[in-house]
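Breakdown of the fold
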Amino acid sequence: QPPLRPLVKPGSATRPKTQRPPLHKVILLNDDYTPREFVVGVLKAVFRMSESQAYAVMMTAHRKDACVVAVFARDVAETKATAATELGRAEGYPLFFTTEPEE
Ligand code: NFA
């Protein structure tokens, strides 16, 4: 009698696929009033960016009207977008960060 051979590759039938949370982009929107240096300071404080990274993101938003700052799990993206928007609001600036799901 021939030996029984496995029907499926060991492990493949029972091991669940690892779940990763869908990522959400935080997007910085340009406006005509918030000072450039203030935007850079908010990006450094909330998103832990270096001066040069923050400056590059600020200038991209300034020139193209919007720039992706970073991607996070949804709750982290929303918390950071709200915190950054509120730092501007506290100074009377219309600075605005939004979020959207990554494709
Ligand atoms: N456009 C603003 C200015 O010229 C700077 C800015 C950049 C504001 C990016 C918001 C986002 N002072």
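Residues numbered from 1 in each chain as written. Predicted model: local features only at pLDDT ≥ 70, side-chain atom pairs only at ≥ 80, totals over all residues. Heavy atoms only, no water.

1. Brief notes about the packing of aromatic side chains
Operational definition: The rule is short: rings of Phe, Tyr and Trp, with Trp giving its six-membered ring, pair when the centres are within 6.5 Å, and they are stacked under 30 degrees, edge-to-face over 60, tilted in between. Labels follow the DSSP assignment, with helices taken as runs of H or I lasting at least four residues and strands as runs of E lasting at least two, numbered in each case from the N terminus. With a 1.4 Å probe rolled over the protein chains alone, any residue whose accessible area is under 20% of its type maximum counts as buried; one over 50% counts as exposed, and the rest are partly exposed.
For the structure on display, the rule yields 3 aromatic pairs. Both rings, one in Phe-38 and one in Tyr-93, keep their centres 5.1 Å apart while their planes meet at 65°; by these two values the pair is edge-to-face. Taken as a pair, Phe-38 in helix α1 (residues 36-47) and Tyr-93 in the loop between α3 (74-90) and β3 (96-101) lie far apart in primary sequence, 55 residues in all. Of the residues examined, Tyr-93 reaches a relative accessible area of 27% and is grouped as partly exposed.

2. Quick look at the pattern of salt bridges
Selection criterion: Any Lys or Arg side-chain nitrogen found within 4 Å of a carboxyl oxygen on Asp or Glu counts as a salt bridge.
Counted according to the given criterion, the structure contains 3 salt bridges. Put simply, Glu-100 and Lys-25 hold a salt bridge, and the shortest N to O gap is 3.2 Å. One end of the pair, Glu-100, is in strand β3; the other, Lys-25, is in strand β1 (residues 23-29), and 75 residues separate them in sequence. According to the relative accessible area criterion, Glu-100 is partly exposed, its value standing at 35%. Of the charged contacts in the structure, one is a salt bridge between Lys-44 and Glu-51, with a shortest N-O distance of 2.6 Å. For Lys-44, a relative accessible area of 33% translates into the label partly exposed. Taken together, the salt bridges that share partners define one network made up of Lys-25, Glu-100 and Glu-103.

3. Side note on the packing of α1 against α3
Put simply, the rule is: In this analysis an axis means a line fitted to C-alpha atoms, helices contributing only their contacting stretch, and an angle means the value between N-to-C directions, from 0 to 180 degrees. Each crossing is labelled by how the near helix is turned from the far one, with a counterclockwise turn of less than a right angle marking it left-handed and a clockwise turn marking it right-handed. The criterion used for residue contact is that any of the two residues' heavy atoms lie within 4.5 Å. Amino acids are sorted into nonpolar (Ala, Val, Leu, Ile, Met, Phe, Trp, Tyr, Cys and Pro), charged (Asp, Glu, Lys and Arg) and polar (every other residue, Gly among them).
Look at α1 against α3: their axes get within 10 Å of each other, and the N-to-C directions meet at 145°. Two packed elements cross with a definite hand, and for α1 against α3 that hand is right-handed. Where α1 abuts α3, its residues Phe-38, Val-42, Val-46 and Phe-47 lie against Lys-80, Ala-84, Leu-87 and Gly-88. Of the residues in the contact of α1 with α3, the class split is 6 nonpolar, 1 polar and 1 charged.

4. So, the sheet that holds β3
Inclusion rule: The pairing criterion for strands is at least two bridges between them, as found by DSSP.
With respect to topology, 3 strands assemble into an open sheet ordered β2-β1-β3, the strand pairing being antiparallel. With one partner strand each, in any of the chains shown, β2 (66-73) and β3 form the two edges of the open sheet. Here the strands of the sheet are splayed against their neighbours by 30° on average, with no regard to which way each runs. As paired elements, β1 and β2 share 7 bridges and run antiparallel to each other. The partner of Leu-23 across the bridge, within β2, is Ala-73. Against the sheet, helix α2 (residues 51-64) touches β1 and β2, its axis set at about 130° to β2.

5. What to know about the site of the ligand
What counts here: Nearness here has a simple test: a residue counts as near a molecule or strand if at least one of its heavy atoms is within 4 Å of that partner. Any pair of nitrogen or oxygen atoms within 3.5 Å is treated as a polar contact; in protein, a donor-acceptor pairing is required on top of that, and neighbouring residues in sequence qualify only through side-chain atoms on both sides. Residue exposure ignores everything except the shown protein chains as possible cover, and the areas themselves are Shrake-Rupley values with a 1.4 Å probe.
Residues in contact with the ligand, as listed here, are Leu-28, Leu-29, Asn-30, Asp-31, Thr-34, Arg-36, Val-39, Met-58, Ala-61 and His-62. One of the backbone N or O atoms of Thr-34 is found 2.9 Å from a nitrogen atom in the ligand. In the complex, 89% of the free accessible area of the ligand, which totals 320 Å², lies under the protein chains. Of all elements in the fold, only β1, α1 and α2 reach the threshold of two or more residues within the shell around the ligand.

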